[in-house]
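What follows is the residue order along each chain.
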Amino acid sequence: MKLYDYVLSPSCYKVRLMAALAGVKLELRPVDFHPGAEHRGAEILALNPAGTIPILEDGDLLLTESSAMLAYLAAKAAPAWLGNGSAEEIAKTQQWLAFSARLTSSLGGARLHQMLLVPGDIESLQARGIAALRELEKGLFEQAERGQRFLAADRPTIADIACFPYVALAPDGNVLLDPYPMIRLWSRALRSLDGFIEMPGIHRLHDLKPEPEVAEA
């Protein structure tokens, strides 16, 4: 499989992360997103007229949406990441996959504005991002009440991978994660998974400061 990739893109990272967790080897084709704007060039537009990355090629199959890539990688190599097949778990997984688009547009937009000076209403982007984080925090709290640490089940699914990168990088858009203890614990649980890989700005578990609950245990 070939992934058209930009190392600083959270959307590209989630595909690299899913591949690593599923044990799938990817051929990475770096794209000069910034400052070269290669995603607007003829080669990329021929693959994806929307001019966005990531793009995943596997033989004759061409995927241009990261959520579809997560589902494909899981179906090919790690079906447990799709859920257990129950109607409830499938629905919850799909709901959080759809929710992840809100994280991309809000927290991702704030990050692009702050880091790459992409035009945008930063206050609106941050406010929408905070609203999404509060919804995520509530969802994780409700899951914890059921004895489950992850968004759709008692184990991680592609929904967690879809949501994780833009949440973890929220501080790049000046949206802090300090008010969200459930999100921070969820983030730690994901970072502790076998096969977890990093990207710039997202570190391994041992590089994080201990949570107060952990320090007191």
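Residues numbered from 1 in each chain as written. Predicted model: local features only at pLDDT ≥ 70, side-chain atom pairs only at ≥ 80, totals over all residues. Heavy atoms only, no water.

Enquirer: I'd like to hear about the side chain of S9, residue by residue, with values.
Expert: Following the sequence through the fold, S9 ends up in the loop between β1 (2-5) and α1 (10-22). Using a relative accessible area of 11% as the deciding quantity, one classes S9 as buried. Engagement of the side chain of S9 in a polar contact is seen with the backbone nitrogen of S11, the distance being 3.3 Å. (Helix = DSSP H or I, 4+ residues; strand = E, 2+ residues; numbered from the N terminus. Buried < 20%, exposed > 50% of the residue type's maximum accessible area, 1.4 Å probe, protein only. Polar contact = N/O pair within 3.5 Å; in protein donor to acceptor, adjacent residues only side chain to side chain.)

Enquirer: Tell me about the environment of L112, and name the residues and values.
Expert: Relative to the assigned elements, L112 resides in helix α4 (residues 87-116). Each C-alpha atom, one on L112 and one on G173, is 7.5 Å from the other, the two residues being 61 residues apart in sequence. Here L112 is in contact with L117 and V118, once residues within four sequence places are set aside. (Contact = heavy atoms within 4.5 Å.)

Enquirer: Which residues make up the pairing of β1, and what values go with them?
Expert: By the bridge criterion, four bridges tie β1 to strand β2 (residues 27-30) in an arrangement that is parallel. Paired with D5 across the strands is P30, a residue of β2. One crossover worth recording links β1 to the parallel β2 by way of α1, and it is right-handed. Looking at chain direction, β1 and strand β3 (residues 55-58) are connected through three bridges and run antiparallel. From the neighbouring strand, K2 faces β3, where its bridge partner is E57. (Pairing = 2+ DSSP bridges. Right-handed = clockwise from strand over helix to strand, strands pointing away.)

Enquirer: Tell me about helix α7 (residues 181-191), and please be specific about residues and values.
Expert: Across the eleven residues that make up α7, a large majority, eight, are buried. Structurally, α7 contributes buried residues whose contacts are with α5 (122-145) and α6 (158-168).

Enquirer: How would you summarise the packing of aromatic side chains if you had to cite specific residues and measurements?
Expert: What the rule picks out here adds up to four aromatic pairs. A centroid spacing of 5.2 Å and a plane angle of 35° characterise the contact between Y6 and F33, whose relative ring orientation is tilted. Of this pair, Y6 sits in the loop between β1 and α1 while F33 sits in the loop between β2 and α2 (42-47), and the two are 27 residues apart along the sequence. Centroid distance F164 to W186: 6.2 Å. Interplanar angle 75°. Geometry classified as edge-to-face. A residue pair is termed long-range when its members are at least 10 positions apart, and F164 in helix α6 and W186 in helix α7 qualify at 22 residues. Summarising the burial analysis for this pair, F164 and W186 share the class buried. An aromatic cluster is defined as three or more aromatic residues linked by ring pairs; in this entry it consists of F164, W186 and F196. (Phe/Tyr/Trp six-rings, centres within 6.5 Å; stacked < 30°, edge-to-face > 60°.)

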